[in-house]
Amino acid sequence: MSAHIYPIFDTLLQKEDKEKVLKQKACVIWMVGLSGSGKSTLARALENTLHEKGYLTQLLDGDNLRTGINNNLGFSEEDRIENIRRAAETSKLFANCGIVTICSLISPTEQIRSMAKEIIGEEDYFEVFISCPIEVCEQRDVKGLYAKARKGEIKHFTGIDSPFEEPQNPSLIIETDKDELSVSHQKLVDAVLEKIKYTS
Ligand SMILES: Nc1ncnc2c1ncn2[C@@H]1O[C@H](COP(=O)(O)OS(=O)(=O)O)[C@@H](OP(=O)(O)O)[C@H]1O
Ligand SMILES: Nc1ncnc2c1ncn2[C@@H]1O[C@H](COP(=O)(O)OP(=O)(O)O)[C@@H](O)[C@H]1O
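On a predicted model such as this, the values are computed, not experimentally measured, just so you know. (Residues numbered from 1 in each chain as written. Chains lettered and ligands numbered in written order. Predicted model: local features only at pLDDT ≥ 70, side-chain atom pairs only at ≥ 80, totals over all residues. Heavy atoms only, no water.)

(A) Structural context of the side chain of Ser 184. For Ser 184, the location among the structural elements is in helix H9 (residues 181–195). For Ser 184, the contacting residues outside a window of four places in its chain are Leu 42, Ile 174, Glu 175, Thr 176 and Asp 179. (Helix = DSSP H or I, 4+ residues; strand = E, 2+ residues; numbered from the N terminus. Contact = heavy atoms within 4.5 Å.)

(B) How the structure looks around the nonpolar core. In this structure, Trp 30, Cys 103 and Leu 105 are the most contacted members of the largest nonpolar core, which totals 25 residues. Within the residue set of this core, elements represented by two or more residues are strand E1 (28–32), helix H5 (77–96), helix H6 (110–120), strand E4 (125–131) and helix H8 (145–150). Those residues in contact with Cys 103 that sit more than four places away from it in its chain are Val 28, Ile 29, Trp 30, Met 31, Leu 60, Ala 87 and Ser 91. (Core = buried A, V, L, I, M, F, W, Y, C linked by side-chain atoms within 4.5 Å. Buried < 20%, exposed > 50% of the residue type's maximum accessible area, 1.4 Å probe, protein only.)

(C) The arrangement of the site of ligand 2 in detail. Neighbouring residues of ligand 2: 16 residues in total, closest Gly 36, Lys 39, Ser 40, Thr 41 and Ser 184. Within the contact set of ligand 2, an oxygen atom lies 2.5 Å away from a side-chain nitrogen or oxygen of Ser 40. At 2.9 Å from a nitrogen atom of ligand 2 is found a side-chain nitrogen or oxygen belonging to Ser 184. Relative to its free-state accessible area of 570 Å², ligand 2 is covered by the protein chains to the extent of 80%. Secondary structure elements with two or more residues in the shell around ligand 2: helix H3 (39–52) and H9. Tallying contributions element by element places H3 first for the shell around ligand 2, with 4 residues. Each residue belonging to the shell around ligand 2 can be placed in one class, and the counts come to 4 nonpolar, 8 polar and 4 charged. (Near = heavy atom within 4 Å. Polar contact = N/O pair within 3.5 Å; in protein donor to acceptor, adjacent residues only side chain to side chain. Areas by Shrake-Rupley, 256 points an atom, 1.4 Å probe, with all protein chains shown as cover. Nonpolar A, V, L, I, M, F, W, Y, C, P; charged D, E, K, R; others polar.)

Below, the structure is given as structure tokens:
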């Protein structure tokens, strides 16, 4: 038996090798904002547009993570940190596979967002602040959760009795109380397409 090791057994494939196959530059689009600000709507629309343009994508949001790998977590500060840690680690695996990963989570504090950025790596972390005053989010009350939080039926609700710190240095801000949905969507798509532009 020869002691020679063939490259195929010896090479650990890198992110760039996967990106070359997919002809796309991968990163993690980390969408931050209050409940009802528009994260899920814009994340879904972004994913659909990228898909139509031929990009391979993966969407991770509070709903699919919290019913799956994070189904043992609640909304205490400790659990939110663990929720984001797992989401960031999962996003990193997808991005390292060359996949444009869209993560839509409240991510309420600077500490939590710094952790996500550190796990994913600065170069691959693209933070988008979906900005909307809490009064507007509460008026939208898409899931009826603000009404429940006001009545005390839900505790530790973000923006009511749990903190939300505005991102200090996001890569992009989308103001969903000022722009029509289509305008917000276009701004997001334009910025993301620039970020994921593939140059061999
Ligand atoms: N207490 C409390 N606070 C905030 N949000 C709550 C709470 N309880 C349930 N929900 C629902 O959970 C969704 C937010 O989950 P996230 O994983 O994004 O939150 S976090 O990033 O860990 O803070 C959030 O979804 P979005 O409305 O899409 O943001 C809510 O529907
Ligand atoms: N410019 C906008 N961008 C995103 N959503 C908007 C905008 N204007 C109004 N909306 C509405 O706001 C709501 C946001 O809800 P959702 O996307 O579920 O928020 P979140 O995921 O942050 O909780 C939707 O009903 C959406 O149609």
